[in-house]
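One letter stands for each residue in the lines below.
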Amino acid sequence: MSWGTELWDQFENLEKHTQWGIDVLEKYIKFVKERTEIELSYAKQLRNLSKKYQPKKNSKEEEEYRYTSTRAFLATLNEMNDYAGQHEVISENMTSLITGELTRYVQELKQERKSHFHDGRKAQQHIETCWKQLEASKRRFERDCKEADRAQQYFEKMDADINVTKADVEKARQQAQLRHQMAEDSKAEYSSTLQKFNSEQHDHYYTHIPNIFQKIQEMEERRIVRIGESMKTFAEVDRQVIPIIGKCLDEITKAAESIDHKNDSQLVIEAFKSGFEPPGDIDFEDFTQPMKRTVSESSLSNSRGDGKSEPKFGGKSKGKLWPFIKKNKSPKQQKEPLSHRFNEFMTSKPKIHCFRSLKRGGAGPEDFSNLPPEQRRKKLQQKVDELNRDIQKEMDQRDALTKMKDVYIKNPQMGDAASVDQRLAELGQNVEKLRLEVQKFEGWLAEVEGRLPTRTEQARRQSGLYEAQNTSAVNSCAQDRESPDGSYTEEQSQETEMKVPATDFDDEFDDEEPLPTIGTCKALYTFEGQNEGTISVAEGEMLYVIEEDKGDGWTRIRRNEDEEGYVPTSYVEVYLDKNAKGAMTYI
């Protein structure tokens, strides 16, 4: 089955068909090119999607990824990034193995097709030229034959006429013979041209054209095979990445199966456990008894003996609802300028003060005293572990330098042993500093672990107070925390320490008459007043209140005539005297 024998007369149709085949190949190239662009776009979108949901460094999101569910989500994002990489591989392989190769092949195919059809047209032109020569010879032979017939008829007519001279007859006879000779010559030429044409025609239709059409057929079949191979490559490129994509999907499945709901629940407990117990039952308050309260030693002793608070102004007790109610500042305090409040605060506490800006998000105290006991213990333990790792790192560097120094001592040509002494001294100092830091944080950690609140009824109430005051501090910028010792606060924000130098004002302040007591208070927890301006109290101790909390988180108390200072308001339960000047009841 050959185009040369079956399609010997379909030159123009074959030319159209082969052009159509090239168009199909170029269309397939365009299809693959668009597929590669889609793969690249898809991979880019997947990468952007994965990057969009990646946790930002040094942000709160990083803390969220300690849960197994969020870690599984992070693993999914990473696998999606690898998944996108496989689509990029598909695009690259299709571009190099299909688009590039077929583009070069199309150019070669066009050149080959052009050459074959040029040869076909040349053969067609040759046979047409031979045909024209045959037609010309034939017409010339026909013309000479007709001329010879007319000359013969004229001779016969002249020969039969008795009136014609003998010379005229001879002339007509010679003319007839000449025409017959010309006809014979034309006949011979026509016969020769005809034989030549038949030979050329036979060669044209049985040799030249079949050979040319056979080459065109082979060219077309190669094109068909090539496009089929490209389609196989198209599928193979996808098939090659399927195992890797399958691994990505398997890793996503594995990450999903690693989610442990019990573990996540335990992490929530570790993250938010305060160490306090829920509030206990509220004592019944008998409003039928008259309100009698005087600030005296007998009332203080009674308070210590009973361990119960007396009714307050308006029939409300200090410990009834305060864990659930936020303490807001009065309208006067809200309208009062910040500078005036600061000056008033500096005048009332001329020791070491701290002014807290209204901006949130700053760092808390170094000992994490702003956190609940359990959370504080956890943070301190993390800090100790971190410092121990730093110490180990410094010691490893010191050991490495020591070995290097030994090598230098044994082989002086390799280096100067004295050149590492300075670095060794620096590492030793760093280790010593880090060990001091560890001792400091371990001291705080031991203090927290040995001073967790007792599980009393008042402690349970205080846990609710802590949450309420902490929430109030976070939600309201107006309730700034100013710490006399510079270490305690109930919200995290940026602090700027402002130390007031000792002046004559201190002496004047000390010479003033002692402030009158405005109530009493009971220490809920032990507080170690290590900084100037604070006072140490023991859990359960009863003391006098001489200055209430002005919104800074501290209450001024007195143990006796010589001992007074500030304690955190959240560490004591205050009972104010309604008859005292400026006294108010906390709820």
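Heads up: the structure comes first, above all this text.
Residues numbered from 1 in each chain as written. Predicted model: local features only at pLDDT ≥ 70, side-chain atom pairs only at ≥ 80, totals over all residues. Heavy atoms only, no water.

Participant: Explain the side chain of T555 here, please?
Facilitator: Inspection of the secondary structure assignment puts T555 in strand β5 (residues 554-558). Judged by relative accessible area, T555 falls into the buried class, the value being 2%. Ignoring any residue separated from it by four or fewer positions in sequence, one finds T555 in contact with V545, E547, E548, D549, G565, Y566, V567 and T569. (Helix = DSSP H or I, 4+ residues; strand = E, 2+ residues; numbered from the N terminus. Buried < 20%, exposed > 50% of the residue type's maximum accessible area, 1.4 Å probe, protein only. Contact = heavy atoms within 4.5 Å.)

Participant: What exactly am I supposed to notice about the sheet that holds strand β4 (residues 542-547) here?
Facilitator: Strand order across the open sheet formed by 5 strands is β6-β5-β4-β3-β7, with antiparallel pairing between neighbours. The sheet is open, and its two edges are formed by β6 (564-568) and β7 (572-576), each paired on a single side. Direction aside, the axes of adjacent strands within the sheet are offset by 40° on average. (Pairing = 2+ DSSP bridges. Axes fitted to C-alpha atoms, helices over the stretch in contact; angles between N-to-C directions.)

Participant: Please clarify how the packing of aromatic side chains should be interpreted in this entry.
Facilitator: Here a ring pair, both rings aromatic, is described through the centre-centre distance and the interplanar angle of the planes. Within the structure shown, the criterion is met by 12 aromatic pairs. Taking 5.4 Å as the distance between ring centres and 75° as the angle between the ring planes, the aromatic pair formed by F11 and F117 counts as edge-to-face. With a gap of 106 residues between them, F11 in helix α2 (residues 11-52) and F117 in helix α4 (residues 68-160) connect regions that are remote in the sequence. Here F11 and F117 have matching classes, each one buried. Taking the centre distance of 6.4 Å and the plane angle of 75° together, the rings of Y53 and F73 count as edge-to-face. Placement of Y53 in the loop between α2 and α3 (60-64) and of F73 in helix α4 is noted, with a sequence separation of 20 residues between them. Take Y53: its relative accessible area is 40%, and that puts it in the partly exposed class. (Phe/Tyr/Trp six-rings, centres within 6.5 Å; stacked < 30°, edge-to-face > 60°.)

Participant: How should the pairing of β5 be read in this particular structure?
Facilitator: The side chains of a regular strand alternate, residue by residue, between the two faces of the sheet. Burial runs high along β5: 5 of the 5 residues are buried. Pairing analysis gives 3 bridges linking β4 to β5, with the strands arranged antiparallel. Considered in β5, the bridge of E547 is made with R556. In this structure, the hairpin formed by β4 and β5 is closed by a connection of 6 residues, where G551 is found at a positive phi of approximately 100°. Both β5 and β6 contribute to a ladder of 5 bridges, which runs antiparallel. The residue of β6 that forms the bridge with I557 is G565. Linking β5 to β6, which pair antiparallel, is a turn of 5 residues.

It is worth stressing that arrangement in space is one thing and function is another; only the former is reported here.
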